[in-house]
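# Architecture at a glance
Each chain, written out:
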Amino acid sequence: MPDILVNAHVVLDNASGEMAVALWADDDTWKAVFRPAGEKLSVELRLNETRRADAVLMLPSLRDFSFSLSNLDGLVEVAVNGKVVASCDVDPSPEDTPLFTSGCGVFFQGRASSMLLKDIAIKRDIYYGAAINRPDGSLRSSFVVDVPEASYLGLGDNSPISRDSREWGVVPRDNVLGKAFLVFWPPERVGPVF
């Protein structure tokens, strides 16, 4: 899945420089570009180098701040010092949602400045995290449920098209037939279930 979040703290040594963080999955690259200018920090959110959203911020320090860039369940967001400053809703329809990606990752760029990145965290497939909201509003906070004895809680694959126990409830043990013995999708992970 392309669901990914990266956050870090950056210190730029030159007020005229800029830095960027990018998330890529298959043929798409989302990039957040941070550019100090005068007394303001300019932030651009780009998809394949096309501007999709932007913001101008007043910060105590334009060259020393925390940031995050996330692509989670069809919503791409840029945050600075913990506050979302730019976002873009890219929620695909279920028929357009890929079942898996052939590759995805994170990269950083800098221009006309040295930069120090620290406290870097990269989180993958964090759909079930308490602070994550789906664009359709189906998960607003922690998902808490009491699972009765002899029942199961079915959870999907973290994709935007997952419909699971959060939507249709717990499953009585008597409704579960058979035993899982084989992973058949995606093809590169075909194999026995241990």
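This section reports on the structure supplied with the text. Residues take numbers from 1 onward in each chain, read along the sequence in its written order. With the structure being a predicted model, the display of local features is reserved for residues of pLDDT at least 70 and the display and counting of side-chain atom pairs for 80 or more, all residues being used for whole-chain, interface and lining totals. Values shown for side chains rest on all heavy atoms present in the structure; no hydrogens or waters enter the calculation.

With that settled, the discussion passes to the overall build of the chain. Per the convention used, a helix needs a DSSP run of H or I reaching at least four residues, while a strand needs a run of E reaching at least two, with both numbered from the N terminus. Looking only at helices and strands, one finds 1 helix and 14 strands in the chain. Buried positions account for 38% of the 194 residues belonging to the chain. Here, two residues are considered to be in contact whenever any of their heavy atoms come within 4.5 Å of each other. Of the contacts made within the chain by residues no fewer than 6 positions apart, 53% connect residues no fewer than 24 positions apart. For the area figures, the Shrake-Rupley method with a 1.4 Å probe applies, and any residue is considered shielded solely by the protein chains shown. A total of about 11,500 Å² of accessible surface is found on the chain, and carbon and sulfur atoms cover 52% of it. Whether a residue is buried, partly exposed or exposed follows from its accessible area with a 1.4 Å probe, protein chains only, as a fraction of its type maximum: under 20%, in between, or over 50%, in that order.

Turning to the sheet that holds strand β5 (residues 50–57), a few remarks are in order. Here, a strand pair is defined by DSSP locating no fewer than two bridges between the strands. Spatial strand order, β5-β4-β3-β2-β9: 5 strands in an open sheet with antiparallel pairing. A strand with exactly one partner marks an edge of an open sheet, and here the two such strands are β5 and β9 (104–111). Taking the axes of each pair of neighbouring strands and ignoring which way they run, one obtains an average angle of 15 degrees across the sheet. Pairing of strand β4 (residues 40–47) with β5, which is carried by 7 bridges, proceeds in the antiparallel orientation. Across the sheet, residue L45 finds its bridge partner in β5, namely A53. Here, axes are lines fitted to C-alpha atoms. For helices the fit covers the stretch in contact, and angles between N-to-C directions go from 0 to 180 degrees.

The next thing to look at is the sheet that holds strand β1 (residues 4–12). Taken together, the 5 strands give an open sheet; going across it, the order is β8-β7-β6-β1-β10, and neighbouring strands pair in antiparallel fashion. The open sheet has two edge strands with one neighbour each: β8 (83–89) and β10 (115–124). Adjacent strand axes in the sheet meet at a mean angle of 15 degrees when their direction is disregarded. In terms of strand pairing, β1 meets strand β6 (residues 64–72) through 8 bridges, oriented antiparallel. Each residue of the ladder has a partner; that of I4, found in β6, is N71.

Turning our attention to the nonpolar core. Each nonpolar core is a collection of buried residues, namely Ala, Val, Leu, Ile, Met, Phe, Trp, Tyr and Cys, held together in the definition by side-chain atoms within 4.5 Å. With 29 residues, the main nonpolar core has F34, L41, L45, L69, V78 and V80 as its most contacted residues. Those elements giving two or more residues to this core turn out to be β1, β2 (18–25), β3 (28–37), β4, β5, β6, β7 (75–80) and β8. Looking at this core, the element that brings in the most residues is β1, giving 5 residues. Once residues lying within four places of it in the same chain are set aside, the contact partners of L41 are F34, R35, P36, A55, V56, L57, L59, L62, F65 and V80.

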